[in-house]
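# What the coordinates show
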Amino acid sequence: ELLQANETDMEKELYAWIQKAEREELDKEMRPEAVTALKRAIVNVGESYASLAECLLGNEIYEEAERFYFEPEDDFPLKYTSALRALALAALAEDDGAPPQDTPTNNETVEEDAPDSNQDPKENTTKTNESRRKELIDQVIDKFVKQAEEEELEKEMRQEGVKALKIAAYKMAYRKKYYDMANDKIVIFPSVTKLLAGIEIYEEAEKYYYEDGDDYPLKYIAALRGIALVSGGAPDEEDEKMESMGTDIEANDEVFATGDSFEP
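Residues numbered from 1 in each chain as written. Predicted model: local features only at pLDDT ≥ 70, side-chain atom pairs only at ≥ 80, totals over all residues. Heavy atoms only, no water.

Looking now at the packing of aromatic side chains. Inspection of every chain in the model, using the stated rule, returns six aromatic pairs. Seen in terms of ring centroids, Y62 and F76 are 6.3 Å apart; in terms of plane orientation they differ by 35 degrees. Their pairing is tilted. On the criterion of sequence distance, the pair formed by Y62 in helix α4 (residues 60–66) and F76 in the loop between α4 and α5 (78–93) is long-range, its members being 14 residues apart. Seen from their ring centres, Y216 and Y220 are 6.0 Å apart, and the 70 degrees between their planes marks the pair as edge-to-face. As far as burial versus exposure is concerned, Y216 and Y220 are alike and both buried. An aromatic cluster is defined as three or more aromatic residues linked by ring pairs; in this entry it consists of Y62, Y69, F76 and Y80. Above the face of the Y170 ring, K134 is positioned so that its terminal group lies 5.0 Å from the ring centre. (Phe/Tyr/Trp six-rings, centres within 6.5 Å; stacked < 30°, edge-to-face > 60°. Helix = DSSP H or I, 4+ residues; strand = E, 2+ residues; numbered from the N terminus. Buried < 20%, exposed > 50% of the residue type's maximum accessible area, 1.4 Å probe, protein only. Lys NZ or Arg CZ within 6 Å of the ring centre and 35° of its normal.)

Laid out in structure tokens, this is it:
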């Protein structure tokens, strides 16, 4: 057994991440030598990070693991590094550095915390609004990614590429609102489609794609931009009007209460 009874809590938490990476990213088990190297590395460097997710997103743990992987000149496998970093990136994007948890079976129940009677209702509204905004972004990004994979790339995009794009969209999409007098409605912008038709979102996504210096793949940009442009993302005069007359959306703004004002 790789997981021994005398392991530390940190090593057990790391093992949960490794198991999730094996299931969701690698589709096979890591080599025992790599698992052992990672566990030895986490003991040496893990305590200097606020969470294990932050540790796994960086480089130090893999550089340390390389010291214990087979011979000194053997590189720690990039596919393992990429898999763990992709999971850590997703966890941090959701502001959740906790170790992955297995989904309960039909015979298990999940106990939910009772609402805090002293909690500010506005705080709940803020969380709901932000969750709704990110959920919509995920749906639109997933739609474009699937179309790009089927029509342009003929293969799946790397998960780290998709996740980096979503993080960029979380920072940029649906941050302002504009009252459209002609149609008597409030429009929330910039839409994901408009962003994907431009350049800035890919420049932002590049910050979260693997390591510093790694370019966001040009083939992904070309595929997604092409689809976004023919899907209504091309710039027009209305964009300039919205930008000049639009206002920032506050976190607890009631405009998030319905989906009527959202456009992909």
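This next bit is on unusual backbone geometry. In this structure, the amide linkage connecting F189 to the following residue, P190, adopts the cis form with an omega of -5 degrees. Among the structural elements, P190 can be located in the loop between β2 (185–189) and α8 (192–196). With phi around 50 degrees, D184 is a residue other than glycine that occupies positive phi space. Its place among the elements puts D184 in the loop between β1 (176–180) and β2. Judged by relative accessible area, D184 falls into the exposed class, the value being 57%.

Right, let's get into the packing of helix α1 (residues 9–26) against helix α2 (residues 32–45). Two numbers describe how α1 lies on α2: the axes approach to 10 Å, and their chain directions differ by 140 degrees. Considering their axes alone, α1 and α2 lie oblique with respect to each other. For α1 against α2, the interelement crossing comes out right-handed. Where α1 abuts α2, its residues M10, E11, L14, Y15 and I18 lie against V35, L38, K39, I42 and V43. Residues belonging to the contact of α1 with α2 are distributed by class as follows: eight nonpolar, no polar and two charged. (Axes fitted to C-alpha atoms, helices over the stretch in contact; angles between N-to-C directions. Parallel < 35°, antiparallel > 145°, perpendicular 65-115°, else oblique. Left-handed = near helix turned anticlockwise from the far one by under 90°. Contact = heavy atoms within 4.5 Å. Nonpolar A, V, L, I, M, F, W, Y, C, P; charged D, E, K, R; others polar.)

Let's shift gears to the sheet that holds β2. In any sheet, the strands associate via hydrogen bonds between backbone groups, in a parallel or an antiparallel arrangement. Within the open sheet, the three strands sit side by side as β2-β1-β3. Their pairing is antiparallel. Each edge of the open sheet carries a strand with a single partner, namely β2 and β3 (247–248). Examined bridge by bridge, β1 and β2 share five bridges and lie antiparallel to one another. Bridge pairing links D180 to K185 in β2. Along the sheet, helix α11 (residues 237–245) makes contact with β1, β2 and β3, crossing β1 at roughly 110 degrees. (Pairing = 2+ DSSP bridges.)

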